[in-house]
Amino acid sequence: LAPPPDARASNALCPGRPPPRVAICVVGGARTFPQEQAWRSLKRNLVEGFGGVGLGAGSLAPDVYLDLKLTDEAPKTQREWRFDSISQAHAQVCAAACAFRPVGLRLLGNGSTRAGPAHPAALSRGCFRSGFFVHTENFMRAVSQWSSFAACHADIERRETAAGRTYDLVALTRPDTAWYTAVKPHCMH
């Protein structure tokens, strides 16, 4: 089992500045997330590299929220790309997620994917009626993605209310991104 994230080194690079309270939302299809290269790079190069602390007393790293899909809603079919369908084993994704000691964790599997609202307000304004989004599968995937962002945001608001404090910064990233180099510590941005 990997140790929990620890941002003390990054926070030490910012002497005289108290670490900000940081939340990191990891939202999307699990795809490569269970592979060590993906989850370790996210943990080391984003969560620990940026620094900051969570809302809990004695926190040593940002709070991490995971909202991951284990399966696709529909196969991607864009001609110019070849996409393998997501079908991640629950246990593998859970094992990778444990390394973050997340304050929020949601795993969406078969039959529990989030399709979002049936008629988003943007439709009534004429948005999404041409180009890429005119195709139902692309539109539904985008609505689902925004619904996942909203779910993570709601988790953050609940935690802030319970803690009686707010985050100074919220970062949003995908679970299938490999962070090959560390981001700069918070005081360098």
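Residues numbered from 1 in each chain as written. Predicted model: local features only at pLDDT ≥ 70, side-chain atom pairs only at ≥ 80, totals over all residues. Heavy atoms only, no water.

Quick word on the overall build of the protein chain
When you go through the protein chain residue by residue, the secondary structure sums to five helices and four strands. Traced from its N-terminal end to its C-terminal end, the protein chain shows the element sequence α-β-α-β-α-β-α-α-β. By the burial criterion, 43% of the 189 residues in the protein chain qualify as buried. In the protein chain, 82% of the contacts between residues at least 6 apart in sequence involve partners at least 24 apart. Within the structure as shown, the protein chain displays about 10500 Å² of accessible surface, and the carbon and sulfur contribution to it stands at 56%. (Helix = DSSP H or I, 4+ residues; strand = E, 2+ residues; numbered from the N terminus. Buried < 20%, exposed > 50% of the residue type's maximum accessible area, 1.4 Å probe, protein only. Contact = heavy atoms within 4.5 Å. Areas by Shrake-Rupley, 256 points an atom, 1.4 Å probe, with all protein chains shown as cover.)

Brief notes about helix 3 (residues 90-98)
In an α-helix, one full turn covers 3.6 residues, which means residues spaced three or four apart are oriented alike. Among all positions of helix 3, only Val 93, Ala 96 and Ala 97 are buried. Taken end-on, helix 3 shows its buried residues confined to a sector of 100°, consistent with a single buried face. (Arc of directions from axis to C-beta.)

Remarks on the side chain of Asn 45
Following the sequence through the fold, Asn 45 ends up in helix 2 (residues 36-50). Its relative accessible area of 16% is what places Asn 45 among the buried residues. A polar contact is formed between the side chain of Asn 45 and the backbone oxygen of Trp 179, at a distance of 2.4 Å. When sequence neighbours within four positions are dropped, the list of residues in contact with Asn 45 reads Arg 40, Trp 179, Tyr 180, Thr 181, Ala 182 and Val 183. (Polar contact = N/O pair within 3.5 Å; in protein donor to acceptor, adjacent residues only side chain to side chain.)

Describing helix 2
End to end, helix 2 covers 20 Å across 15 residues, agreeing with the expected 21 Å (1.5 Å per residue, within 8%). Among the 15 residues of helix 2, 11 are classified as buried, and the element is accordingly described as predominantly covered. Considered for burial, the residues of helix 2 that qualify are Ala 38, Trp 39, Ser 41, Leu 42, Lys 43, Asn 45, Leu 46, Val 47, Glu 48, Gly 49 and Phe 50. Within two residues after helix 2, Gly 51 carries a phi angle of roughly 90°, on the positive side. (Expected span 1.5 Å × (residues − 1).)

So far we have only geometry, and geometry alone does not tell us how the molecule works.
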